[in-house]
Structures are given as structure tokens and as C-alpha cells.
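So you can see what is in the structure, the chains are spelled out below.
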Amino acid sequence: MSKETLVLLYGGRSAEREVSVLSAESVMRAINYDKFFVKTYFITKSGDFIKTQEFFSKPADDEKLMTNATVVESQKIKPSDIYEEGAVVFPVLHGPMGEDGSIQGFLEVLKMPYVGTNILSSSVAMDKISTKHVLESAGVPLVPYVTYVEGSDLDVVVAEVNDKLTYPVFVKPANMGSSVGISKAEDEAALRSAIDFALKYDSRILIETGVNAREIEVGILGNADVKTTLPGEVVKDVAFYDYDAKYIDNKIT
């Protein structure tokens with residue numbers, strides 16, 4: 001039986017590019033190599049496409065993918081060179097220009113099928129403020145929130161937070177994932193610092209009331225015929241599920 005080609009795109013221009021490398025290495029080891037031949041392409045922090053390893057069988061445990069520190073410039077290609085008839089793309093990209101519809105639009109232009117949501121769904125889901133508006137229009141209950149846009153009156157927004165929300169609050173860049181740029185603020189001074197920190201990643205900021213609750217996640221696969229995984233609970237022994245807890249300290253089960 002001939003194998004289907006699976007193209008792994010990873011890296012990217014966002015601040016989450018290092019997480020992408022870790023995710024891609026997990027994916028390349030989980031693939032069924034009886035069915036798939038894998039080609040990998042690294043997108044550098046400057047946006048260049050680099051042709052990297054190919055795998056006919058499961059890679060060794062110590063096999064590492066290319067990163068920005070190990071780029072081989074001679075392997076640079078045109079973005080459209082990833083096209084291969086019959087291949088399926090697995091975009092293992094995080095954050096802006098990865099999960100926000102950008103790469104999905106690129107793949108649509110190439111007429112390459114890909115894993116994940118389409119352009120509109122990716123764009124809306126990436127933007128936390130837009131997601132809030134969509135969910136509100138559908139009548140989905142949400143935790144109280146306030147937004148801040150760079151250049152607007154910070155004192156007015158802080159007053160609105162103090163009036164409408166309850167501390168602790170979480171301050172988030174609207175268009176980042178992996179908890180990058182997110183802070184937990186216990187009071188007004190911490191809130192102002194958290195907003196300043198979040199502005200390093202986005203000009204639009206979401207501020208939400210903190211909730212003490214269990215975190216349940218479900219994977220979804222399909223379009224018209226939708227299937228889901230069993231619910232899984234994120235169990236943590238840290239107060240805040242931040243970047244380090246997710247990817248560095250391994251304190252999550």
C-alpha cells in the first residue's frame with residue numbers, strides 16, 4: 001500500500017514559535033508511519049521557508065527538528081514549493097500567522113488540504129475579543145470582561161475594571177496563545193503592570209474576572225459528521241496555568 005504524504009509546517013513568526021517546535025516533534029513521533037510519509041518545513045522567525053527532514057519511519061527519540069538556532073540557509077525554498085499533489089498539510093503553528101487564518105488562506109490558495117479549522121474560524125477563534133462578541137451574540141454565558149485598546153485612556157479602563165470586575169483578574173493579549181503575555185493581577189497596581197506587559201504582544205487587550213473552576217477540554221474532529229474525544233481535565237498544582245507550567249516545568253497532567 002502506498003503511503004500518503006503528510007507535510008508538517010512548524011516554527012513561524014510569532015512569539016510562540018518555540019512551542020511550535022516542541023509540538024511538531026510530538027506530532028512527528030505520534031504519526032502512523034505505516035500509512036504516512038512525512039515531510040517537514042520550518043518557517044523562520046523572519047518568515048522564510050526552509051526544507052527540513054523527511055521521515056519514512058518513526059524518528060529516533062533523540063531526533064530534533066530544525067530551529068532558528070540551527071537554520072540551514074542553503075535549504076531555503078519558495079513558500080509555494082511545499083506544494084505536492086495529493087499531500088495533506090498539518091500546520092503545527094501557534095499564534096499569529098499560524099492559527100489566525102493566515103497560513104490557512106495560503107494553503108487554500110495552493111489548493112492543499114490541511115488539518116484544522118478554516119480561514120474564518122481560525123481568525124475569529126484566535127482573537128479573544130472577537131470570540132467574546134460571537135459567543136455573546138449566540139447567548140453563551142461568559143465571565144465578565146473589559147477591553148483595552150492601546151492609545152485609549154488607561155485610567156478610564158482601570159476604573160471600569162474596578163467597577164465591573166472582581167480581583168484577581170487575568171490580562172491577556174487579544175491575539176496570542178500558549179499563555180504568552182498573560183498575567184494574573186491581584187490589585188490595581190498589578191493590573192497596570194499586566195496591561196503594560198500584554199501590550200508588548202498586541203495592541204488590543206482582554207481583561208477578565210478570574211474564576212476558580214475545573215478546566216475541562218474536548219477535542220473535536222469533523223465538519224458535518226462531528227466526533228469528539230472523551231472529556232479530559234487539566235490537573236495542575238500551580239496557581240496560574242502559564243507558559244512555564246504548560247511547556248517548561250511539566251507540572252500539568
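Refer to the structure above for everything that follows.
Since the model is a prediction, treat every value here as computed from it, not as a measurement.

### Overview of the pairing of strand β2 (residues 36–43)
- Burial of β2 is extensive: seven of the eight residues sit out of reach of the surface.
- Pairing geometry for strand β1 (residues 4–11) and β2, over eight bridges, is parallel. When the bridges of β2 are listed, Leu8 appears paired with Thr40.
- For the crossover that starts at β1, traverses helix α1 (residues 17–30) and ends in the parallel β2, the hand is right-handed.
- As judged from the five bridges shared by β2 and strand β3 (residues 49–55), these two strands associate in the antiparallel manner. In the strand pairing of β3, Lys39 is matched with Glu54.
- Connecting the antiparallel pair β2 and β3 is a turn made up of five residues, with Gly47 showing a positive phi of about 95°.

### Points about the pattern of salt bridges
- For the structure on display, the rule yields 12 salt bridges.
- The salt bridge partner of Glu84 is Lys39, with a shortest N-O separation of 2.7 Å. Here Lys39 lies in strand β2 and Glu84 lies in the loop between β4 (76–77) and β5 (88–93), a separation of 45 residues in the sequence.
- Taking relative accessible area as the criterion, Lys39 reaches 16% and is therefore assigned buried.
- Measuring nitrogen to oxygen at the nearest pair gives 3.5 Å for the salt bridge that ties Asp48 to Lys76. Placement of the pair is Asp48 in the loop between β2 and β3 and Lys76 in strand β4, with a sequence separation of 28 residues.
- The class for Asp48 is partly exposed, based on a relative accessible area of 24%.
- A single network of salt bridges, built from pairs that share partners, joins Lys132, Lys172 and Glu208.

### Quick word on the sheet that holds β3
- Sheet architecture is open: five strands sit in the order β4-β3-β2-β1-β5, paired in mixed fashion. Unpaired on one side and paired on the other, β4 and β5 mark the two borders of the sheet.
- In the packing of α1 onto the sheet, the strands contacted are β1, β2, β3 and β5, and the crossing angle to β1 comes to about 155°.
- Packed onto the sheet, helix α2 (residues 102–110) meets β1, β2, β3 and β5 and runs at close to 165° relative to β5.

### A short note on a nonpolar patch on the surface
- A surface patch of nonpolar side chains, amounting to about 370 Å² of accessible area, comprises Ile216, Val218, Ile220 and Val226.
- Its place among the elements puts Ile220 in strand β11 (residues 220–221).

### Regarding the packing of aromatic side chains
- By the definition in use, this model includes four aromatic pairs.
- Here the aromatic rings of Phe37 and Phe56 are separated by 4.4 Å at their centres, their planes lie at 25°, and the arrangement is stacked. Within this pair, whereas Phe37 is found in strand β2, its partner Phe56 is found in the loop between β3 and β4, the two being separated by 19 residues in sequence.
- Take Phe37: its relative accessible area is 12%, and that puts it in the buried class.

Scoring rules and cut-offs
Residues numbered from 1 in each chain as written. Predicted model: local features only at pLDDT ≥ 70, side-chain atom pairs only at ≥ 80, totals over all residues. Heavy atoms only, no water. Buried < 20%, exposed > 50% of the residue type's maximum accessible area, 1.4 Å probe, protein only. Helix = DSSP H or I, 4+ residues; strand = E, 2+ residues; numbered from the N terminus. Pairing = 2+ DSSP bridges. Right-handed = clockwise from strand over helix to strand, strands pointing away. Salt bridge = Lys/Arg side-chain N within 4 Å of Asp/Glu carboxyl O. Contact = heavy atoms within 4.5 Å. Axes fitted to C-alpha atoms, helices over the stretch in contact; angles between N-to-C directions. Patch = residues over 30% accessible without salt bridge, like charges linked within 9 Å, V, L, I, M, F, W, Y side chains within 5 Å. Areas by Shrake-Rupley, 256 points an atom, 1.4 Å probe, with all protein chains shown as cover. Phe/Tyr/Trp six-rings, centres within 6.5 Å; stacked < 30°, edge-to-face > 60°.

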